Amino acid sequence: MKPAPFVHHAPRTVEEAVGVLERVGHDGKVLAGGQSLIPILNMRLASPAHLVDINGVAGLDRVEVTDDAVRVGALVRHAGLESHEAAYAASPLLRRTVRHVAHPAIRNRGTTVGSIAHADAAGEMPAILALTDGLVEAVGPSGTREIPWHDFFLGALETSLAPDELAVAVRFPRLPAATGTAFAERARRHGDYAMAGVAAAVAVSDGVLTSARLSFVSVTDVPGVVDVTAAVHGQAPEEVDWAACDDLVRAHLTPESDIHATAEYRAMLATRLAHLTLARAASDSISSSAGGSAA
Amino acid sequence: MSEPVAEELLDVTVTVNDVPRHARVPARRLLSDFLRHDLGLTGTHVGCEHGVCGACTVLVDGAPMRACLMFAVSAQAHAVTTIEGLGTIEAMGPVQQAFTECHGLQCGFCTPGFVTTITAFLEDNPEPTQDEAREAISGNLCRCTGYQNIVKSVLRAAEIKAERS
């Protein structure tokens with residue numbers, strides 16, 4: 001299976017890249033890591049006439065950690081985010097999750113921004129952008145705009161990026177102090193697309209839960225967040241009945257059946273993983289506010 | 001659908017196994033096909049061509065990557081190491097030596113991808129546990145299901161590497 005012919009563009013700046021995208025319109029696709037795009041080209045599910053290869057564009061390969069957020073440039077590979085110590089310190093959920101993205105050989109090439117721009121709800125990082133209330137920085141012919149995650153993900157593999165816009169970075173805001181996080185997924189083979197995955201962010205204050213939110217992988221059409229605080233608010237982590245969240249979780253899920261798992265199994269798995277990650281995130285909250293840090 | 005695009009040829013120079021190699025190829029030439037068809041290095045195997053099987057794994061600047069999910073033009077000015085660069089029959093690399101000792105090779109189709117993957121893994125983790133070895137090879141498929149012996153080979157390769165250093 002080979003890609004159809006295309007014209008290869010190798011811009012050196014963001015402005016040049018946007019200029020090409022503006023010229024070629026819907027016939028153009030951006031190539032960064034290519035770990036989602038090239039399989040689609042190989043299988044001829046898509047055959048864009050122009051590929052705008054941004055790998056030579058300067059300045060897009062940096063992770064920046066600020067007081068508010070972790071900013072990841074469009075050429076940062078998953079492996080680069082995974083090994084970034086300051087990003088881990090600012091937002092441990094990023095490393096906890098990114099190491100579930102495919103296999104090392106894929107993470108060495110694939111980019112976090114590309115994975116988000118691909119907008120596959122079976123991808124891990126779109127779920128994390130949602131859970132952290134993150135945003136996408138896009139540059140187009142008329143300048144830069146910031147797109148909040150809920151305005152970015154429109155549908156399955158569909159975003160609000162215009163054909164002449166380049167996603168140059170994403171920002172994962174830091175979660176409030178005393179928020180613990182966890183991520184878990186189950187796949188047939190370690191590193192494959194998950195049958196279901198769940199990320200949790202839980203805040204514990206004075207020994208009781210004050211906030212609990214979840215986002216999901218592979219069981220929804222579009223990345224989204226479920227706030228389950230109402231079901232567990234004011235309870236001590238060791239006494240809380242996580243099953244009280246199940247109705248809220250199930251109402252959010254739109255799982256599908258495939259050769260790996262039935263829709264029913266995926267829904268069951270997602271609810272069980274929700275219990276697991278909520279409990280882990282709660283204990284992470286307690287240990288991080290006690291000055292310790294969970295791996 | 002867009003109009004068909006006329007094939008455009010690009011000059012691509014890639015350092016492969018420490019030797020600069022050049023070919024004039026279409027932009028759509030996958031790195032795996034560049035290595036096999038244009039350079040005659042048929043050690044890199046092509047399986048699924050969508051990143052699942054790992055047979056085409058090569059090292060790009062020392063890091064394992066799927067040669068079927070990269071274009072040759074993207075490897076321009078980078079250093080690629082293929083199975084041919086990891087040893088010869090007379091002077092096998094540690095991973096190749098371990099595969100022969102532990103019967104890590106059955107039909108051999110998946111072997112080049114395993115050897116490149118394991119070579120890079122042992123650079124990062126010279127003393128892996130059995131579980132770590134198993135996880136390290138999880139991105140490569142062996143349809144002979146020879147995983148037990150491949151896991152043994154990973155652990156043995158770590159020993160050989162330590163003995164040789």
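Use the structure listed above.
Residues numbered from 1 in each chain as written. Chains lettered and ligands numbered in written order. Predicted model: local features only at pLDDT ≥ 70, side-chain atom pairs only at ≥ 80, totals over all residues. Heavy atoms only, no water.

Trainee: Can you lay out the sheet that holds strand β3 (residues 50-53) of chain A for me, pointing to particular residues and giving the numbers?
Mentor: Residue and element names in this part refer to chain A. Taken together, the three strands give an open sheet; going across it, the order is β1-β3-β2, and neighbouring strands pair in parallel fashion. At either end of the open sheet lies a strand with only one pairing partner, and these are β1 (7-9) and β2 (28-31). Neighbour to neighbour, the strand axes of the sheet diverge by 25° on average, direction disregarded. By the bridge criterion, four bridges tie β2 to β3 in an arrangement that is parallel. Across the sheet, the residue bridging to G28 is H50, located in β3. Strands β1, β2 and β3 of the sheet are contacted by helix α1 (residues 14-24), whose axis makes an angle of about 170° with β3. (Pairing = 2+ DSSP bridges. Helix = DSSP H or I, 4+ residues; strand = E, 2+ residues; numbered from the N terminus. Axes fitted to C-alpha atoms, helices over the stretch in contact; angles between N-to-C directions. Contact = heavy atoms within 4.5 Å.)

Trainee: Can you lay out the state of the cysteines for me, pointing to particular residues and giving the numbers?
Mentor: Residue and element names in this part refer to chain B. By the definition in use, this model includes zero disulfides over all chains. C48 carries a free sulfur, and the closest cysteine sulfur to it, the one in C53, is 3.9 Å from it. A relative accessible area of 17% places C48 in the buried class. Its sulfur unpaired, C142 is 4.1 Å from the next cysteine sulfur, which belongs to C110. Residue C142 is classed as buried on the basis of its relative accessible area, which comes to 6%. (Disulfide = S-S within 2.5 Å. Buried < 20%, exposed > 50% of the residue type's maximum accessible area, 1.4 Å probe, protein only.)

Trainee: If you had to explain the layout of surface pockets to someone new, which residues and values would you point to?
Mentor: Rolled over the atoms, a probe with the dimensions of a water molecule shows which regions are left empty. As a volume, the second largest pocket reaches approximately 730 Å³. Lining the second largest pocket are 27 residues, and of these E82, P104 and R107 of chain A together with F121 and D124 of chain B sit closest to its centre. Elements with a minimum of two residues in the lining of the second largest pocket: α3 (78-82) and α6 (104-107) of chain A together with β4 (63-66), α3 (111-124) and α4 (130-136) of chain B. Of the residues forming the lining of the second largest pocket, the biggest block, five residues, is contributed by α3 of chain B. For the lining of the second largest pocket, the residue count by class is nine nonpolar, 10 polar and eight charged. (1 Å grid on protein atoms, 1.4 Å probe; cavity = no way out; pocket = protein on both sides within 12 Å on 5 of 7 lines; lining within 4 Å. Points joined across faces, edges and corners; volume = space filled by probe spheres on them. Nonpolar A, V, L, I, M, F, W, Y, C, P; charged D, E, K, R; others polar.)

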